[in-house]
Amino acid sequence: MRSRSRLTKLIGITAVFVCVVLVAPVFAFVSRSTHGVWVPKFQKGSATAKCPAAEKVGFGGLVAQFDPDHDAWVYPTGMRRTATGQWTVYGQSLSSSRGSRLTAIAYCANAGPASVVEKTVSIAGHQVGGAVAKCPGGTVVVAGGFNTRAAPHFEVMKELARIADDSWRATILNVSASATTITSIAYCGPGPAPTLQATALDVAGGHGGTARATCPGGTELLFGGEVVTAGYSNNLPHLYPFGFTAETTTRWSVAAVNGSSVAGKVTALAYCR
């Protein structure tokens, strides 16, 4: 409750919305499926998007409502494939008076990853830390996910990124005083390794913004990630990412809001092949 009270004082901005564009079913994913739920105040929640029959999850994303002006905010605490054709996302509501919307987005393809590897580590209170999952020999990262312990902890995603052809890292800021965990989830498949396109956006204090990374001509989006670059004061972060989406089959976007007076940077990472 103390963390939430301090957040309310820090954040007094207009809601920022993510716009997801549905395009013709071509290239890396052939269809998109979404499913949203209302997460009750101060509760955890999950939403699962299911691919059409005979299609599999290639990768996924999420949109978590972040509207402090109307006391509707939910923090992403995980996203992962829970079956070959299902993508599930998790969130923790800090709203005190109403529910908040959490939406899972599954990007569906004719084939999914060949294997999955997870790595879990403990993160001490008020610290930044990450976990690295490494694919088996002869395979590369073709999608990524994460999961945290969440409630009663308060955590903010700082990084979802491939740090080598075969390695995926998930990094969080643990805002709470007690330890929590972060699980990095690497989805692996045959090469070649996708190339990276990164686009950074400066986000002024008290504002929101969306960074968009676009694949070069002749390539398509295989999956996406993000990096938030901002310090934190009084054990509270400055920049909160709340939307990871494929706007088209070649463009990946990351939406974030800055709840402080200190500028921050959000970077969208598009992995293309």
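Residues numbered from 1 in each chain as written. Predicted model: local features only at pLDDT ≥ 70, side-chain atom pairs only at ≥ 80, totals over all residues. Heavy atoms only, no water.

A. A look at the overall build of the protein. Of the regular secondary structure elements, the protein holds 1 helix and 21 strands. Only carbon and sulfur atoms are counted for the fraction: they give 53% of the accessible area of the protein, which is about 10700 Å². (Helix = DSSP H or I, 4+ residues; strand = E, 2+ residues; numbered from the N terminus. Areas by Shrake-Rupley, 256 points an atom, 1.4 Å probe, with all protein chains shown as cover.)

B. How the structure looks around the state of the cysteines. For the structure shown, the criterion picks out 3 disulfides. A disulfide bridge connects cysteine 135 with cysteine 188, and the sulfur atoms are separated by 2.1 Å. A torsion of -85 degrees about the S-S bond marks the disulfide between cysteine 135 and cysteine 188 as left-handed. One end of the pair, cysteine 135, is in the loop between strand S9 (128-134) and strand S10 (140-148); the other, cysteine 188, is in strand S13 (residues 180-189), with 53 residues separating them in the sequence. Accessibility expressed as a relative area gives 0% for cysteine 188, which makes it buried. Each sulfur of the disulfide joining cysteine 215 and cysteine 272 lies 2.1 Å from the other. The sign of the -80 degrees torsion about the S-S bond sets the cysteine 215-cysteine 272 disulfide as left-handed. Here cysteine 215 is found in the loop between strand S15 (208-214) and strand S16 (221-229), whereas its partner cysteine 272 is found in strand S21 (residues 264-272), with 57 residues between them in sequence. The class of cysteine 215 is buried, set by a relative accessible area of 7%. Ordinal numbering of bonded cysteines along the protein defines a disulfide pattern of 1-2, 3-4, 5-6. (Disulfide = S-S within 2.5 Å. Buried < 20%, exposed > 50% of the residue type's maximum accessible area, 1.4 Å probe, protein only.)

Structural measurements only, silent on function.
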